[in-house]
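The residues making up each chain are set out below.
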Amino acid sequence: MPELPEVETVRRGVEPHVLGRCIVAVTVRDARLRWPVPTDFAAFARGQRIDAVSRRGKYLIFALNGGDRIIVHLGMTGRVLVLDADHPVVKHDHLDLQLDNGRLLRYHDPRRFGAVLPWPKAEAGHVLIDALGPEPLSDAFSGDYLYRRSRNKKAAVKTFVMDGQIVVGAGNIYAAESLFHAGIRPTRAAGRVTRAEYARLADAIRAVLAEAITQGGTTLRDFAGADGASGYFQQDLYVYGREGQPCRVCGTAIKGIRLGNRASCWCPGCQR
DNA sequence: CTGTTAACCTGAGTGC
DNA sequence: TGCACTCAGGTTAACA
């Protein structure tokens, strides 16, 4: 479910409710996430104060006052909700952080592809974070960067920009949408896309992600912000999920194929 | 090394 | 109503 804009929407929704709050209790109902929640996680988190909530790619990072951190990834169906402490527990509510203000942070994830992991102060880096590519909304990300990294690569350009080691945050929806706005077919070999095209693509990725954040993300099925609210970017989709429908720009029927086991849509009229 | 595929898991939707 | 099947916003381990 969540690509960068959805994770950023969750971060912004959670932050005001948890900053400066202490974790007074931890409940782990099901530790079987993508990686098991360690058995000592409750002891790790209990009694610590949350001093910051940041995001790296699709990872949320809760910074604790002692220098430890908690990493949260939402996988495909994960949610982080801010609820009152007595809120009823439903199926797939796997983990709670109870706060000292009568509220709790609840991790809910039907498919359990997500993760909640400790990141101790003693470990400077983290294996899930260290190899990530640049943030697409930072200065380190540019068309020239994509051009450099893509030389001699035969993989499809859509697969290339969805690779978190190249750039973080662009998943199946926003990769497809960005390629549409840049006028590039998703099937093109990454190494054959020109410098000028990558300049357009980098601009498109930045613009699409920024606009999606403004809209509170894209809600198709599962996604909700920390307050349970839906996003609105689905109204701005040009190709994702529109196979067979007329292009909103040129009227050509949107085509669909599979690339790396992911559904991929593009407009034969607008994308070359 | 690069590139592709299967796997992890549950639920929703479709077609018979 | 039930069953079999497909698909889903992510990521990585195991292959070729």
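Criteria and thresholds
Residues numbered from 1 in each chain as written. Chains lettered and ligands numbered in written order. Predicted model: local features only at pLDDT ≥ 70, side-chain atom pairs only at ≥ 80, totals over all residues. Heavy atoms only, no water. Core = buried A, V, L, I, M, F, W, Y, C linked by side-chain atoms within 4.5 Å. Buried < 20%, exposed > 50% of the residue type's maximum accessible area, 1.4 Å probe, protein only. Near = heavy atom within 4 Å. Polar contact = N/O pair within 3.5 Å; in protein donor to acceptor, adjacent residues only side chain to side chain. Nonpolar A, V, L, I, M, F, W, Y, C, P; charged D, E, K, R; others polar. Pairing = 2+ DSSP bridges. Helix = DSSP H or I, 4+ residues; strand = E, 2+ residues; numbered from the N terminus. Axes fitted to C-alpha atoms, helices over the stretch in contact; angles between N-to-C directions. Contact = heavy atoms within 4.5 Å. Salt bridge = Lys/Arg side-chain N within 4 Å of Asp/Glu carboxyl O. Arc of directions from axis to C-beta.

Novice: Just give me the short version of the nonpolar core, but keep the residues and values in it.
Specialist: Counting residues in hydrophobic clusters, the biggest one holds 30 residues, and the most contacted among them are Phe41, Phe62 and Ile70. Grouped together as the second largest cluster of nonpolar side chains are 26 residues, Phe160, Tyr198, Ala204 and Leu209 included.

Novice: Describe the protein's contact with DNA strand B, listing the residues and the values that go with them.
Specialist: Taken together, Lys91, His92, Pro110, Arg111, Arg112, Phe113, Lys153, Lys154, Ala155 and Asn261 form the complete shell of residues around DNA strand B. Considering the 4 Å shell around the protein, atoms of DNA strand B inside it are sugar or phosphate in 59% of instances. Separating a base oxygen of DNA strand B from a side-chain N or O atom of Arg111 is a distance of 2.7 Å. Residue Arg112 places a side-chain N or O atom 3.3 Å away from a sugar or linking oxygen belonging to DNA strand B. Each residue belonging to the surface near DNA strand B can be placed in one class, and the counts come to 3 nonpolar, 2 polar and 5 charged.

Novice: How would you explain the sheet that holds strand β6 (residues 93-99) if you had to name every residue and give the values?
Specialist: Ordered in space as β1-β6-β7-β5, the 4 strands form an open sheet in which the pairing is antiparallel. Whereas interior strands pair on both sides, the edge strands pair on one side only; in this sheet they are β1 (23-28) and β5 (79-84). Taken pair by pair, the neighbouring strands of this sheet meet at an average axis angle of 20°, ignoring direction. Judged from the 6 bridges that link them, β5 and strand β7 (residues 103-108) form a sheet pairing that is antiparallel. Counted as the bridge partner of Leu81 is Arg106 from β7. Of the strands in this sheet, β5, β6 and β7 touch helix α1 (residues 4-18), which is tilted by about 30° from β5.

Novice: Requested: an account of the pattern of salt bridges, with residues and values cited.
Specialist: Here the structure, examined in full by the defined rule, presents 16 salt bridges. One salt bridge in this structure joins Arg12 and Glu8, with 2.8 Å as the shortest N-O distance. Pair noted here: Arg12 and Glu8 are both in helix α1, with a separation of 4 residues, about one helical turn. Residue Glu8 is classed as buried on the basis of its relative accessible area, which comes to 6%. The salt bridge involving Glu15 is made with Arg11; its shortest N-O contact spans 3.3 Å. Placement of both Glu15 and Arg11 in helix α1 is noted, with a separation of 4 residues, approximately one turn of the helix. Take Glu15: its relative accessible area is 24%, and that puts it in the partly exposed class.

Novice: Please provide a residue-by-residue account of the sheet that holds strand β2 (residues 50-56), values included.
Specialist: Whether parallel or antiparallel, the strands of a sheet pair through hydrogen bonds between backbone atoms. Taken in spatial order, the 4 strands of this open sheet run β2-β3-β4-β8, and their pairing is antiparallel. Of all the strands in the sheet, just β2 and β8 (115-119) have a single pairing partner and so form its edges. If you compare each strand with its neighbour and ignore which way they point, the axes differ by 20° on average. Judged from the 6 bridges that link them, β2 and strand β3 (residues 59-64) form a sheet pairing that is antiparallel.

Novice: Provide a residue-level description of helix α3 (residues 143-150), including the pertinent values.
Specialist: Where α3 is concerned, the buried positions are Gly143, Tyr145, Leu146 and Ser150. Buried residues in α3, looked at end-on, bunch into an arc of 160°, giving them a common side. For α3, the secondary structure elements touched by its buried residues are α4 (157-161) and α6 (195-214).

Remember that the coordinates give geometry; whether it matters functionally is a separate question.
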